[in-house]
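One letter stands for each residue in the lines below.
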Amino acid sequence: MRRVLFMLTALVAGCSGNEATAPVPVPTMSVRSITIESPEHLEVGATAQFKAILRDVSGNILSNRPVQWKSSDESLATVDQSGFVTALVDGYMFITATSEGKVGAASLRIDAVPLKCSPERKNVCAADETFALRSVGDQALPVHSPWGLGDWDYDDDAGTWDLTRWTMTFYPEGGFYSEMIHRAASGATIVEKSAGKYVRSANSIFFSVHGSNYSMTVAGDSLTTPPGFGRKFTFVRVLNPIGQ
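Parameters at a glance
Residues numbered from 1 in each chain as written. Predicted model: local features only at pLDDT ≥ 70, side-chain atom pairs only at ≥ 80, totals over all residues. Heavy atoms only, no water. Core = buried A, V, L, I, M, F, W, Y, C linked by side-chain atoms within 4.5 Å. Buried < 20%, exposed > 50% of the residue type's maximum accessible area, 1.4 Å probe, protein only. Helix = DSSP H or I, 4+ residues; strand = E, 2+ residues; numbered from the N terminus. Contact = heavy atoms within 4.5 Å. Pairing = 2+ DSSP bridges. Salt bridge = Lys/Arg side-chain N within 4 Å of Asp/Glu carboxyl O. Axes fitted to C-alpha atoms, helices over the stretch in contact; angles between N-to-C directions. Phe/Tyr/Trp six-rings, centres within 6.5 Å; stacked < 30°, edge-to-face > 60°.

Caption draft 1: Fine view of the nonpolar core. The biggest cluster of nonpolar side chains holds 21 residues, and the ones touching the most others in it are Phe50, Trp69, Val85, Met93, Ile95, Leu108 and Ile110. Of all the secondary structure elements, the ones that give two or more residues to this core are β1 (33-37), β4 (51-55), β7 (77-79), β8 (84-87), β9 (91-99) and β10 (102-111). Dropping the residues within four chain positions of it, tryptophan 69 is found in contact with Ile36, Phe50, Lys51, Ala52, Val79, Asp80, Gln81, Ser82, Gly83, Ile95, Thr96 and Ala97. Membership of the second largest hydrophobic core comes to 18 residues, among which are Trp166, Phe207, Leu223 and Phe233.

Caption draft 2: Spotlight on the side chain of serine 99. Along the chain, the position of serine 99 falls in strand β9. Looking at serine 99, the relative accessible area reads 0%, which means it is buried. Ignoring sequence-local partners within four residues, the contact set of serine 99 consists of Val31, Ile34, Leu54, Arg65, Pro66, Val67 and Gln68.

Caption draft 3: A look at the sheet that holds β1. Strand order in the open sheet made by the three strands is β1-β4-β5, with antiparallel pairing throughout. Two strands in the sheet have a free side with no partner beyond their single neighbour: β1 and β5 (61-62). Bridge count for β1 against β4 is five bridges, and the pairing is antiparallel. Bridge pairing in β4 places isoleucine 34 opposite leucine 54.

Caption draft 4: Geometry of the pattern of salt bridges. Throughout the structure, instances matching the rule amount to six salt bridges. Here glutamate 129 ties to arginine 200 by a salt bridge, and the two come within 2.5 Å at their closest N and O atoms. Residue glutamate 129 is found in strand β11 (residues 129-136), and its partner arginine 200 is found in strand β16 (residues 189-200); the two are separated by 71 residues along the sequence. A relative accessible area of 9% means that glutamate 129 is categorised as buried. Looking at arginine 200, the relative accessible area reads 35%, which means it is partly exposed. Among the charged side chains, a network of salt bridges with common partners joins Glu129, Arg200, Asp221 and Arg237.

Caption draft 5: Summary view of the sheet that holds β7. Strand order in this open sheet of three strands is β3-β8-β7, and the pairing throughout is antiparallel. For this open sheet the edge positions go to β3 (47-49) and β7, each flanked by a neighbour on one side alone. Between one strand axis and the next, the sheet turns through 15° on average, direction left out of account. Pairing of β7 with β8, which is carried by three bridges, proceeds in the antiparallel orientation. Note on β8: the bridge partner recorded for valine 79 is valine 85.

Caption draft 6: Highlighting the environment of isoleucine 181. Turning to its location among the elements, isoleucine 181 is positioned in strand β15 (residues 175-183). Along the backbone, isoleucine 181 and valine 191 are ten residues apart, and their C-alpha atoms lie at a distance of 4.6 Å.

Caption draft 7: Representation of the packing of aromatic side chains within the structure. Following the criterion strictly, the structure yields eight aromatic pairs and no others. Relative to phenylalanine 94, the ring of tyrosine 92 lies with its centre 5.7 Å away and its plane at 80°, an arrangement referred to as edge-to-face. Taken together through their ring pairs, the aromatic side chains of Phe131, Phe170, Phe176, Tyr198, Phe207 and Tyr214 make up a single cluster.

Caption draft 8: Quick look at unusual backbone geometry. Residues leucine 141 and proline 142 are joined by a peptide bond in cis, for which omega reads 0°. As for its position among the elements, proline 142 is in the loop between β12 (139-140) and β13 (143-144). Of note in the backbone geometry, asparagine 64 takes a positive phi value of approximately 55° without being a glycine. Within the secondary structure, asparagine 64 is located in the loop between β5 and β6 (68-71). A positive phi angle, close to 50°, is found at glutamate 100, a residue other than glycine. Structurally, glutamate 100 is set in the loop between β9 and β10. Classification of glutamate 100 as partly exposed rests on a relative accessible area of 43%.

On their own, these measurements won't tell you what the molecule is for.
Here it is as structure tokens:
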């Protein structure tokens, strides 16, 4: 009888709950989406810290997850594995962040920096010629942006962008600076800047920008795109060069 009571007592003690129980593992939520906090544009030579925001299926922000950063064109801008971006050359590209198979992307426009003029750089900064766009086809500015700017962004401004100004300044040392201003119905403004090299002949200007070559015809105070270009862009010489 004593033996039976001892066994019952031991059994009850073993089921009393006094022993520590192992913690139940909390399921880890996987990355469902990635957004990137970043500037929309940088000037050549500028830097910026991009930040990836990772969220789960419920929209909660996730932390302590590895992120791989990548530049779509390292000739335009580089990015290290902390998301630190350095702009190198003017152009348009994307920075992407990847984690657990999900990818987020941020578009980045890199603008050329206008020449900074000083008395010591007169031979470089004194503009040889500056032309301003007056018409596209037979329509005077402003005109609906010829390249459909804004049609792809699906916001309230989609399809409403107008090209309101475009100037091209050519410098004696063979470089040029271009600046285009677009304005949307909402009042939002986009300024696109580019720079490159040009060669001038008796009646033409040949220039290169973003790896592409173009030519325009010069006649008196007018600068026009040649036949076959598509629409005719007509510029006229102006007296107030950009950056002067």
